[in-house]
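# Coordinates in review
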Amino acid sequence: MLYFFCFYNALCYLCTMVHYLDLAKRNAPYQHELGAVVDEVMASGWYLRGCQLERFETEYARYLGTEHCVGVGNGLDALTLIYRAYVEMGVMARGDEVIVPANTYIASILAITENNLVPVLVEPDPLTMQIDERKIEECITKRTRSVMIVHLYGRCAFTEKIADICREHGLLLVEDNAQAHGCKFGDRRTGALGDAAGHSFYPTKNLGAIGDAGAVTTNDKQLADMVRALGNYGSSRKYIFDYAGRNSRMDEMQAAVLRVKLRHLDDDNKRRQDIAEWYGDALRNPLITLPAPAPREANVWHIYPVLCEERDRLREHLAQQGVEAQVHYPVPPHLQKCGRAWSHRPLVVTERIHATELSLPLGPELTDEDLEKVAGAVNSFR
């Protein structure tokens, strides 16, 4: 009997837990639409490079405001293929430097090193946690060819000053838009602000597939054609291989799913923005630093990052209160074993962020009751 009550109490706790992410709940509102397109793809007998991909590429490019969209296998491939294409086009060469935020997910940097290019890590602005525009020019050398901005956490990293720096020095501006689908700078969307952009549609993203998928967007037709060929083994015509490429193609199932979810993206992002605004009013704890304000359209809140000097204790406290939180990311890229060559100096701001950041639950699937529970747990931390 005691075992039964312990099991029952544990089950009740799990049922009332506010999970950081519940993909089943997130996808539930679209279950009927998703089921219909899955059946359609299955019945078609065409699973790669078909009409679903073509339609998604057209619809996503139109949504962003770019001329071209190329579906690829995942977000890392999207960024990697952009730089590989620039190398094949003769715009960049082995040993060229790419300025990239130090505060980012490691994929941003791997796309650079994969192409035998050199990442130059730049500290973030402590307020926005995005690349610090004031520190970019001092890192430019005669080998610098590109600046990569990362719209980390769903917040727009683009600034007019960064665009001016790139124009003045003749640098390519590449966007890592993995976490910011639907975000805007003024009336323009991220993914359409630079020379090219890489997108991830990993299931957890604001625009998420039901597996791996990614895309490259650009207004440069030559670049788009090159990316498409490189992602198809280096072939632009069947059995003719002009380049030593790779297999990186978005399949029909993912394209069909993304077409459904794209129609709901703005509404989902609106819910995220509403939750973030509610958190801004409801969370009141002097031990916790909330994200800095930004224009509403400039943040789609893929992640709601708070900072706390006792981050691990806060996370344990939240778990005890029935709230699951996550860390993005516990170890910065330059302190990873594989990243020792990426920086030979301390990156103090980046390291502090990674030591103190904690992500609170934030997604369109959360109920008002869930939010009240999160706020109560955060505010009771002492």
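Residues numbered from 1 in each chain as written. Predicted model: local features only at pLDDT ≥ 70, side-chain atom pairs only at ≥ 80, totals over all residues. Heavy atoms only, no water.

Attention now goes to the pairing of strand β3 (residues 118–122). Every other side chain in a regular strand lies on the same face of the sheet, so the side chains alternate between the two faces. Within β3, four of the five residues are buried, which leaves the element mostly enclosed by the surrounding structure. Sheet topology places strand β2 (residues 97–101) next to β3; five bridges connect them, and they run parallel. What sits directly across from V98, in β3, is P119. Taken together, β2, helix α6 (residues 107–113) and β3 constitute a β-α-β crossover, and its handedness is right-handed. (Buried < 20%, exposed > 50% of the residue type's maximum accessible area, 1.4 Å probe, protein only. Helix = DSSP H or I, 4+ residues; strand = E, 2+ residues; numbered from the N terminus. Pairing = 2+ DSSP bridges. Right-handed = clockwise from strand over helix to strand, strands pointing away.)

Within the structure shown, the criterion is met by four cavities of 30 Å³ or more. One number sums up the size of the largest cavity: a volume of about 80 Å³. Surrounding the largest cavity, R49, L53, E57, V70, G71, V72, R228, G231, N232, S248 and R249 form its lining. Of the residues forming the lining of the largest cavity, the biggest block, three residues, is contributed by strand β1 (residues 68–72). (1 Å grid on protein atoms, 1.4 Å probe; cavity = no way out; pocket = protein on both sides within 12 Å on 5 of 7 lines; lining within 4 Å. Points joined across faces, edges and corners; volume = space filled by probe spheres on them.)

Right, let's talk about the layout of surface pockets for a bit. Space inside the largest pocket adds up to approximately 630 Å³. Along the wall of the largest pocket there are 30 residues; nearest its centre are Y105, Q179, Y202, T204 and K205. Of all the secondary-structure elements, those providing two or more residues to the lining of the largest pocket are α5 (75–88), α6 and β8 (196–200). With three residues, α5 is the largest single contributor of residues to the lining of the largest pocket. Partitioning the lining of the largest pocket into residue classes produces 14 nonpolar, eleven polar and five charged. In this model, the second largest pocket occupies a volume close to 280 Å³. If you trace the second largest pocket, you find 20 residues lining it, with T128, C156, A157, F158 and T159 closest to the centre. Looking at the lining of the second largest pocket residue by residue, the classes come out as nine nonpolar, four polar and seven charged. (Nonpolar A, V, L, I, M, F, W, Y, C, P; charged D, E, K, R; others polar.)

Take it as geometry only, folks, not as evidence of what the structure does.
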